[in-house]
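Residue-level structure breakdown
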Amino acid sequence: MKLSFTKMHGAGNDFVVIDATRAPFRPTPALLHKLTDRRFGVGCDQVLVIEAPTAPDIDFNYRIFNADGSEVGQCGNGSRALARFVRERGLSDKDSIRVRTSTSTLELRQLPDGRVRVNMGVPRLAPAQVPFTGAAAQAPLYRLELDGQPLEFGAVSMGNPHAVLEVPDVDAAPVGELGPRLQRHRAFPEQVNVGFLQIQGRDHVRLRVYERGAGETLACGSGACAAVVAGRLWDRLGEKVDVEVRGGMLTIEWAGEGQPVYMTGPAETVFTGELEWPN
Ligand SMILES: N[C@H](CCC[C@H](N)C(=O)O)C(=O)O
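Rules and cut-offs
Residues numbered from 1 in each chain as written. Predicted model: local features only at pLDDT ≥ 70, side-chain atom pairs only at ≥ 80, totals over all residues. Heavy atoms only, no water. Salt bridge = Lys/Arg side-chain N within 4 Å of Asp/Glu carboxyl O. Helix = DSSP H or I, 4+ residues; strand = E, 2+ residues; numbered from the N terminus. Buried < 20%, exposed > 50% of the residue type's maximum accessible area, 1.4 Å probe, protein only. Near = heavy atom within 4 Å. Polar contact = N/O pair within 3.5 Å; in protein donor to acceptor, adjacent residues only side chain to side chain. Areas by Shrake-Rupley, 256 points an atom, 1.4 Å probe, with all protein chains shown as cover. Nonpolar A, V, L, I, M, F, W, Y, C, P; charged D, E, K, R; others polar. UniProt positions renumbered as here; feature names shortened; annotations may be inferred. Contact = heavy atoms within 4.5 Å. Phe/Tyr/Trp six-rings, centres within 6.5 Å; stacked < 30°, edge-to-face > 60°. Lys NZ or Arg CZ within 6 Å of the ring centre and 35° of its normal. Domains from an automatic or database assignment. Buried area = accessible area lost by both parts, 1.4 Å probe. Core = buried A, V, L, I, M, F, W, Y, C linked by side-chain atoms within 4.5 Å.

Glancing now at the pattern of salt bridges. Counted according to the given criterion, the structure contains 22 salt bridges. The partner of Lys94 in a salt bridge is Asp59, and the shortest N-O contact between them spans 2.5 Å. Of this pair, Lys94 sits in the loop between helix H2 (76-88) and strand E6 (96-100) while Asp59 is found in the loop between strand E3 (46-51) and strand E4 (60-66), placing the two residues 35 residues apart along the sequence. Residue class for Lys94 comes out partly exposed when judged on its relative accessible area of 42%. Its relative accessible area of 18% is what places Asp59 among the buried residues. One continuous salt-bridge network, built from bridges that share partners, spans Lys7, Asp14, Arg38 and Asp45.

So this is what it looks like as structure tokens:
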């Protein structure tokens, strides 16, 4: 069979996008590997599958698969790419659409300057919602021992789990060493995305994220949201924060507990392609 796909990215976090609005797409582990592997396949951080809505107040459903094939319920950068995709393919002419994943309902708005603004929903802060089962020292700053090393971090769910560690310099942060070890720590029963946050002011931070199921990416939209939520809970950040990531800049807004987080940033189509794949 011929499988059409679109290669996209949001601030360097890259995606293979499949239009399954007219015919179901059931990705097997082998096909997901072909789509995500950067040597033996197309290559991406996540595969996004756009589906027809399953509820009257929803425009599209969408499924998210990490590079390791795991299916998850949130992808901030991917949501912006989805908004661009449906517009470019004429699947919707609305400026604002509502989409549903397995864990979240999101509102995506096309802005006149070409960026996309996403209502990422209300962050979930209780440890059980992250989920995080470690000894919660004093929320919103948690502690655990990792190979004898005491770690302090914030823990936030944006519909997917995030741990946020403050570091003095993201460029020198032990992302490759500490990221995978914390990602798989037993205190995170669903594993965790690990953010390394450098606070430069109340309205500007730098962030690197070691993502669950993908490793370090050039940007993590839900990770940027989680980092600003954690920073605000530590009373270190204002309501509107520019988050500098390796692939570009995201703007995150959060008015405080019980309020939704808004993320604004770019989305680009790189190319479309076709893949021959046995039925
Ligand atoms: N690795 C994440 C999914 C992708 C999130 C990220 N690409 C974003 O933009 O939010 C997880 O396993 O929860």
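Turning our eyes to something else, we now look at the site of the ligand. With respect to spatial proximity, 15 residues lie near the ligand, and among them Asn13, Gly76, Glu211, Arg212 and Ser222 are the closest. At 3.0 Å, a backbone N or O of Asn77 approaches an oxygen atom of the ligand. Glu211 places a side-chain nitrogen or oxygen 2.7 Å from a nitrogen atom of the ligand. The fraction of the free accessible surface of the ligand (360 Å²) that becomes covered by protein chains is 100%. For the shell around the ligand, the secondary structure elements donating two or more residues are H2 and helix H4 (221-233). Looking at the shell around the ligand residue by residue, the classes come out as three nonpolar, 10 polar and two charged.

As annotated in UniProt, the feature "site: Important for dimerization" (unreviewed entry) corresponds to Phe271 in the numbering used here. Mapped onto the secondary structure, Phe271 falls in strand E18 (residues 268-276). Apart from residues lying up to four places away in sequence, Phe271 is in contact with Phe5, Thr6 and Lys7.

Right, let's talk about the environment of Arg63 for a bit. Tracing the backbone shows Arg63 in strand E4. The exposure class of Arg63 is partly exposed, given its relative accessible area of 24%. Residues Arg63 and Cys75 lie 12 residues apart in sequence; the distance between their C-alpha atoms is 9.5 Å. In this structure the side chain of Arg63 is engaged in a polar contact, spanning 2.8 Å, whose partner is the side chain of Glu71.

The next thing to look at is the packing of aromatic side chains. Applying the stated rule across the entire model yields six aromatic pairs. Judged by centre distance (6.1 Å) and plane angle (80°), the ring pair of Phe5 and Phe271 falls under edge-to-face. Here the residue Phe5 occupies a position in strand E1 (residues 2-10), and Phe271 occupies one in strand E18, the gap between them amounting to 266 residues. With centroids separated by 5.5 Å and ring planes inclined at 80°, the aromatic side chains of Phe132 and Phe153 adopt a geometry described as edge-to-face. On the criterion of sequence distance, the pair formed by Phe132 in the loop between strand E8 (116-119) and strand E9 (142-146) and Phe153 in strand E10 (residues 149-157) is long-range, its members being 21 residues apart. Take Phe132 and Phe153: they sit in the same class, and that class is buried. Cluster of aromatic residues (ring-pair linked, three or more members): Phe132, Tyr142, Phe153 and Phe188. Its end group placed over the ring of Tyr262, Arg117 keeps NZ or CZ at 4.2 Å from the ring centre.

Within the fold, Leu144 resides in strand E9. Here the alpha-carbon distance between Leu144 and Ala187, two residues 43 residues apart in the chain, equals 8.4 Å. Apart from the residues lying within four places of it in its own chain, the contact partners of Leu144 are Phe132, Gln149, Pro150, Leu151, Phe153, Leu182, His185, Ala187 and Phe188.

Along its sequence, the protein is organised into domain 1 (2-118 + 267-276) and domain 2 (127-259). Between the C-alpha centres of domain 1 and domain 2 there is a distance of 24 Å. Across the contact, 20 residues belong to domain 1 and 19 residues belong to domain 2. Three residues, Ala11, Gln74 and Asn77, lead the burial of domain 1 against domain 2; their summed loss comes to 34% of the area buried on that side. Take the side of domain 1 that touches domain 2: its biggest share by element is three residues, from H2. Here the side of domain 1 that touches domain 2 is built from residues that sort into three nonpolar, 12 polar and five charged.

Turning to the nonpolar core, a few remarks are in order. If you look at the biggest cluster of nonpolar residues, it comprises 52 residues, and the most contacted ones within it are Tyr62, Leu108, Val243 and Ile252. In terms of residue count, the dominant contributor to this core is H4 (seven residues). Each of domain 1 (2-118 + 267-276) and domain 2 (127-259) contributes no fewer than three residues to this core. If near-sequence neighbours (up to four positions away) are discounted, Ile252 is found in contact with Ala224, Cys225, Val228, Glu239, Lys240, Val241, Val243, Val261, Tyr262 and Met263. Counting 22 residues, the second largest nonpolar core, distinct from the first, contains Val130, Leu144, Val170 and Val194.

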